[in-house]
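A closer look at the structure
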Amino acid sequence: MSMQMALPIAMIPGNSLIHRITPLPKMIWVVGYIVLAFSTTNIVILYSMALFAFLIAVISGVTRPLLKACVILVPIASSLLALQIIAPAVEKPWTSVGHIGALALYGNGVYYGFVLLGRIVASLIMALVVVMTTHPSDLFTTFAKLKIPYTFNFMLAMTLQLIPVFQREVGIIMSAQKSRGMKGRGFSAVLPSFVPVFVGAIERVQQLSISLESRGFGSAGIKTSYRQVKSRPSDWVVAIVGVVAIATLATMSIMRGTWNLSTVILFPHAFVFWLFVVAASVFAAVILVTVFYMFKR
Amino acid sequence: MPEPIVIFDDVSYAYPGTEELALRGVSLEIQAGEYVAILGLNGAGKTTLGLCVNGVIPTMLGGELTGTVTVAGLNVIEYPVREMAKVVGMVFDNPEFQMSQMSVAEEVALGLENAGVPYEDMKRIIPETLELVGLSGYEERSPLGLSGGQQQRLAIAAVLAMKPNILIMDEPTSNLDPIGKQEVFDMAAKLNRERGMTVIVIEHEVEVMARYADRVIVLDKGRVIMNGTPDDIFTRVTELATLNLRVPEAARVATLLAEKDLWQGPVPIRTEPAITAVNELLGATHA
Ligand SMILES: Nc1ncnc2c1ncn2[C@@H]1O[C@H](COP(=O)(O)OP(=O)(O)OP(=O)(O)O)[C@@H](O)[C@H]1O
Ligand SMILES: [Mg+2]
């Protein structure tokens, strides 16, 4: 169906090596990634992690949807870097690398900016790859086995299940509005459709929760699972390799403070200057485009 | 006589935040194995009545409930809906709002998983249930990609898999074409006859109900105003007409004819006997 756009954060069906790994080792990798990303300030490690996660995405055949979802990083990255250059989050004294009008640019925060960005990029890509290669039901089955509180699991499951429904609803309402002569593209078209979607959503959520509860959702006692998640030796290998690699790097980082390379990796003044120009322009463009679409009718 | 499976004893109910009663002093009994049709205009309280049987009212929705609702010996106030689910399965009028899983098989599995049915049994029950509703071969399809009729049958399968004693269907065929409607009602009739399942159907199609139901309950403004066999109820043509309720065509025509002394004997409510009777009548006038 044309109305059903590809979901950026849903499973992309496939049969790759990565798809076949059971959820638990993948979850270990995601948690490990987050732990490592926050225990190091070594940008070599951080961007290697991001690159490695991206390679896994390529192997899984989810590159395109992953890149689509990563569009969210554009405003984050550009604003973060631009901000670090005009107002570094490190102690003074700052050394100026140049001026744009009255605006002074500093190089001191750039390393830290790349650290923050690296943490986000690495964790996000890994998490997205796992979500895109794992059947949600398998994920929840595993959560349940791990004794993750049922209500949390329930809310997460409900939210994920409602996403495609909402997407379709937006599609239906947009085409209805299009047939009444409204423009059916971009932000300006999506915005008015949110009102009926949310009104419908409340009714839908209530009806769905009544229906789920009427089928015993939330009952105490033993639950079984229709989808069988069986670990194979290869899953253990993936899990153990993940734990060892991440624990090693995390320990090495912690033993070296956070393995900060800001005194080793120095950014030339011209690089900082142009980085600011690019980041600020991209961020300004994002804002302008958003505002433009919001007011375009 | 055994204890009725559903007992309403002077039940009144107001939804939270409302003053007006959606049910007013409802008392009724339903025997195990009965096929009951609930009729009434929009807003008469039919859905509300159904929600009382499966315990969504008052446990989930809150509001003011007085009187007692007893289902399979259980006072619904004392049991969460998920416990009542073992006894009562309820299907609602908007099937799409009841779908939540990635595949048809998982949708049917949901209730079984919650009840802790072992995997081996699920592997047997799921295809059996899908067969029953005519959805064999759809196991791996997405529920959202099914037609309205298929979705409705899936919603029914999802509660049937749990083998409830009571099946409540709230306007189950409002989105279906005539063939889809027929399938759903044939299926319900079969469950009722062959498995002794108690069936409660909220339905506007009087013709269909005249054919299948053992009993008809008519609600109006939250009150039970008629309660009897289809033959009792559907022959009260003028009364039903004053209430703006539909009457089976056979009964309407026969009553009209009877007013003009053209019809003798009992008023039929089903189409086939009416046609036979009319043919006989015509034969007699021709002779
Ligand atoms: N969630 C609710 N909150 C408040 N009032 C409600 C709610 N649901 C129903 N009502 C009111 O309760 C009364 C009975 O509604 P109910 O849905 O039981 O009627 P119904 O016979 O099922 O009608 P329909 O044929 O339209 O489905 C109506 O007056 C309705 O407005
Ligand atoms: Mg209703």
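Residues numbered from 1 in each chain as written. Chains lettered and ligands numbered in written order. Predicted model: local features only at pLDDT ≥ 70, side-chain atom pairs only at ≥ 80, totals over all residues. Heavy atoms only, no water.

Describing the site of ligand 1
All names here are of chain B. For the record, the criterion: The criterion for a residue being near a molecule or strand is simple. One of its heavy atoms has to lie within 4 Å of it. Pairing of N or O atoms within 3.5 Å defines a polar contact, subject to two protein rules: one partner must be a possible hydrogen donor and the other a possible acceptor, and residues neighboring in sequence count only if both atoms are side-chain atoms. All accessible areas in this document rest on Shrake-Rupley with a 1.4 Å probe, and a residue is counted as covered only by the protein chains that are shown. Basically, the charged four are Asp, Glu, Lys and Arg, the nonpolar ten are Ala, Val, Leu, Ile, Met, Phe, Trp, Tyr, Cys and Pro, and anything else, Gly included, counts as polar.
Residues in close proximity to ligand 1 include Y15, T18, A22, L41, N42, G43, A44, G45, K46, T47, T48 and E171, which together make up its full environment. Here an oxygen atom of ligand 1 and a side-chain polar atom of K46 are 2.7 Å apart. Within the complex, 60% of the 630 Å² of free accessible area of ligand 1 lies under protein. Along the lines of polarity and charge, the residues of the shell around ligand 1 split into four nonpolar, six polar and two charged.

Topic: the environment of I30 of chain B
All names here are of chain B. We apply this condition: Per the convention used, a helix needs a DSSP run of H or I reaching at least four residues, while a strand needs a run of E reaching at least two, with both numbered from the N terminus. A 1.4 Å probe rolled over the protein chains alone gives each residue an accessible area, and that area as a share of the maximum for its type sets the label: buried under 20%, exposed over 50%, partly exposed in between. Any pair of residues with heavy atoms lying within 4.5 Å of one another is described as a contacting pair.
For I30, the location among the structural elements is in strand β2 (residues 23-30). Overall, I30 belongs to the buried group, its relative accessible area being 3%. Each C-alpha atom of the pair I30 and V199 lies 9.7 Å from the other, and the pair is 169 residues apart in sequence. Sequence-distant contacts of I30, that is, excluding residues within four places in its chain, are made with P4, I5, V6, V36, T198, I200 and R215.

Quick look at the packing of aromatic side chains
The condition is simple: Think of it this way: a Phe, Tyr or Trp ring, Trp meaning its six-membered ring, pairs with another when their centres are within 6.5 Å, and the plane angle makes it stacked under 30 degrees, edge-to-face over 60, tilted otherwise.
Applying the stated rule across the entire model yields 12 aromatic pairs over all chains. Aromatic side chains F273 of chain A and W274 of chain A sit 5.4 Å apart centroid to centroid with 90 degrees between the ring planes, which places their arrangement in the edge-to-face category. When the ring of Y35 of chain B is compared with that of Y212 of chain B, the centres are 6.2 Å apart and the planes differ by 10 degrees; the resulting orientation is stacked. With a gap of 177 residues between them, Y35 of chain B in strand β3 (residues 35-39) and Y212 of chain B in helix α8 (residues 206-212) connect regions that are remote in the sequence.

Side note on the interface of chain A and chain B
The test is simple: For any pair of parts, buried area is found by adding up, for both, the accessible area (1.4 Å probe) each one loses once the two are put together. Note on definitions: salt bridges are taken to be side-chain nitrogens of Lys or Arg within 4 Å of carboxyl oxygens of Asp or Glu.
Residue-level contacts link 32 residues of chain A with 37 residues of chain B. Per-residue buried area on chain A facing chain B is highest for R215, T224 and Y226 of chain A; these three make up 27% of the total on that side. If you look at where chain A meets chain B, you find three salt bridges. Between R215 of chain A and E107 of chain B there is a salt bridge, with its nearest N and O atoms 3.1 Å apart. Where chain A packs against chain B, one counts eight residue pairs in polar contact (both at pLDDT 80 or more). The biggest single contributor to the side of chain A that touches chain B is helix α8 (residues 186-214) of chain A, with 11 residues. Of the residues contributing to the side of chain A that touches chain B, the split by class is 11 nonpolar, 14 polar and seven charged.

Treat this as a map of the structure, not an account of what it does.
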